[in-house]
Amino acid sequence: VEPSVSIVGVADGDSVSQPFTVRLEAQGVEVIAATGTSEPGKGHHHLVIDGDAPPDSLPLPAMPVVIHMGTGATERVIDSLPPGPHRIIAIFAGGDHVPMTSVRRDTVTVIVRKP
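Quick caveat: nothing in here was measured; it's all calculated off a predicted structure.

Moving on to the environment of V108. For V108, the location among the structural elements is in strand β9 (residues 106–112). When the C-alpha atoms of V108 and I89 are compared, they prove to be 6.7 Å apart, with 19 residues separating the residues in sequence. With residues up to four places along the chain from it excluded, the contact list for V108 reads I7, V10, A11, D12, H86, R87 and I88.

Here it is in structure tokens:
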């Protein structure tokens, strides 16, 4: 199985009301809390909302560009996006926050409805 991360709970093209929950599933890797160091096959989730993923050789930057899920969390409640379309990219990275290029990413676009 190719290591990968998948966005579940919302699908590409979904129309959503806030708050909504983005859940993440990982295959072929172990989700652990960020340790500050990189361990093969172990890491944590990151979400990039309405931005582009930075170069893979660099640690992922901080909020608001990237939501770090460094506690080992597998879901995040999203509650502060303006109405309209938003692209969400899931990236798996090691404890040093450098993306694991061997882990396939997932991307969805959701449309946030007006309250």
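Bringing the nonpolar core into the picture now. Taken as a class, soluble globular proteins show a tendency for nonpolar side chains to be buried jointly. Grouped together as the largest cluster of nonpolar side chains are 18 residues, with contacts concentrated most on I7, V10, F20, V22, L24, L47 and I88. Residue assignment for this core shows that the elements contributing at least two residues are β1 (4–8), β3 (20–27), β5 (42–49), β6 (66–69), β8 (84–93) and β9. Once residues lying within four places of it in the same chain are set aside, the contact partners of L24 are V5, S6, I7, V8, H45, L47, M69, T74 and A90.

Across the sheet, which stays open at both edges, the three strands sit in the order β1-β3-β7 with antiparallel pairing between neighbours. On the outer flanks of this sheet lie β1 and β7 (75–78), each paired with one strand and no other. Across the sheet, the mean angle from the axis of one strand to that of its neighbour is 25°, orientation sign disregarded. Bridge count for β3 against β7 is four bridges, and the pairing is antiparallel. Considered in β7, the bridge of F20 is made with I78.

Calculation rules
- Residues numbered from 1 in each chain as written.
- Predicted model: local features only at pLDDT ≥ 70, side-chain atom pairs only at ≥ 80, totals over all residues.
- Heavy atoms only, no water.
- Helix = DSSP H or I, 4+ residues; strand = E, 2+ residues; numbered from the N terminus.
- Contact = heavy atoms within 4.5 Å.
- Core = buried A, V, L, I, M, F, W, Y, C linked by side-chain atoms within 4.5 Å.
- Buried < 20%, exposed > 50% of the residue type's maximum accessible area, 1.4 Å probe, protein only.
- Pairing = 2+ DSSP bridges.
- Axes fitted to C-alpha atoms, helices over the stretch in contact; angles between N-to-C directions.

What is shown is where atoms sit, not what they do.
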